[in-house]
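One letter stands for each residue in the lines below.
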Amino acid sequence: QVQLVESGGGLVQAGGSLRLSCAASGRTLSRRTMGWFRQAPGKEREFVARIAWAAWSGIATSYADSVKGRFTISRDNAKTTVYLQMNSLKPEDTALYYCAAASEIVSGLRPSDYNYWGQGTQVTVSS
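Keep in mind it's a predicted model, so treat the numbers as computed, not measured.

A. Layout of the state of the cysteines. Taken as a whole, this structure holds 1 disulfide when the rule is applied. A sulfur-sulfur distance of 2.0 Å marks the disulfide that ties C22 to C99. Between C22 and C99, the disulfide has an S-S torsion of -80° and is therefore left-handed. Residue C22 is located in strand β3 (residues 18–25), and its partner C99 is located in strand β9 (residues 95–102); the two are separated by 77 residues in the primary sequence.

Put into structure tokens, the structure is as follows:
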């Protein structure tokens with residue numbers, strides 16, 4: 001079993017920063033790839049960032065074009081928490097942000113790539 005719990009969301013002015021956290025329980029083997037998605041009301045769930053790791057390949061990260069250069073995904077050494085550092089926030093970043101995990105090394109661009117999901121944390125950016 002894998003449980004993911006997001007935190008760190010809130011209200012911030014445009015240009016500000018937030019750091020989201022995803023605390024994970026369950027075996028590391030069930031969390032070889034982790035990602036962040038977001039969903040605004042009336043819109044589809046959108047890929048934000050992904051991180052994957054393996055002993056033979058190291059760590060790889062990917063980002064959506066809309067957040068590249070502004071957001072950074074990372075993990076702690078124990079592989080229990082994944083972070084999303086969000087800088088230079090824009091009103092269009094407003095959404096419910098979800099953490100997700102996949103058992104395999106995947107590209108992680110699609111929601112269907114993932115096996116487990118958190119409940120989300122709300123990010124609201126005011127203009």
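Following the structure, the description resumes.
B. Representation of the packing of aromatic side chains. Scanning the entire structure with this criterion turns up 5 aromatic pairs. Between F37 and Y114, the ring centres sit 5.4 Å apart and the planes meet at 85°, which makes this aromatic pair edge-to-face. One end of the pair, F37, is in strand β4 (residues 33–39); the other, Y114, is in the loop between β9 and β10 (116–117), and 77 residues separate them in sequence. Just as F37 is buried, Y114 falls in that class too. Through pairs of rings, three or more aromatic residues link up here, namely F37, F47, Y98, Y114 and W117. Directly above the aromatic system of Y98 lies the positively charged group of R45, at a separation of 3.8 Å from the ring centroid. Its end group placed over the ring of W53, R75 keeps NZ or CZ at 5.5 Å from the ring centre.

Rules of the game
- Residues numbered from 1 in each chain as written.
- Predicted model: local features only at pLDDT ≥ 70, side-chain atom pairs only at ≥ 80, totals over all residues.
- Heavy atoms only, no water.
- Disulfide = S-S within 2.5 Å.
- Helix = DSSP H or I, 4+ residues; strand = E, 2+ residues; numbered from the N terminus.
- Phe/Tyr/Trp six-rings, centres within 6.5 Å; stacked < 30°, edge-to-face > 60°.
- Buried < 20%, exposed > 50% of the residue type's maximum accessible area, 1.4 Å probe, protein only.
- Lys NZ or Arg CZ within 6 Å of the ring centre and 35° of its normal.

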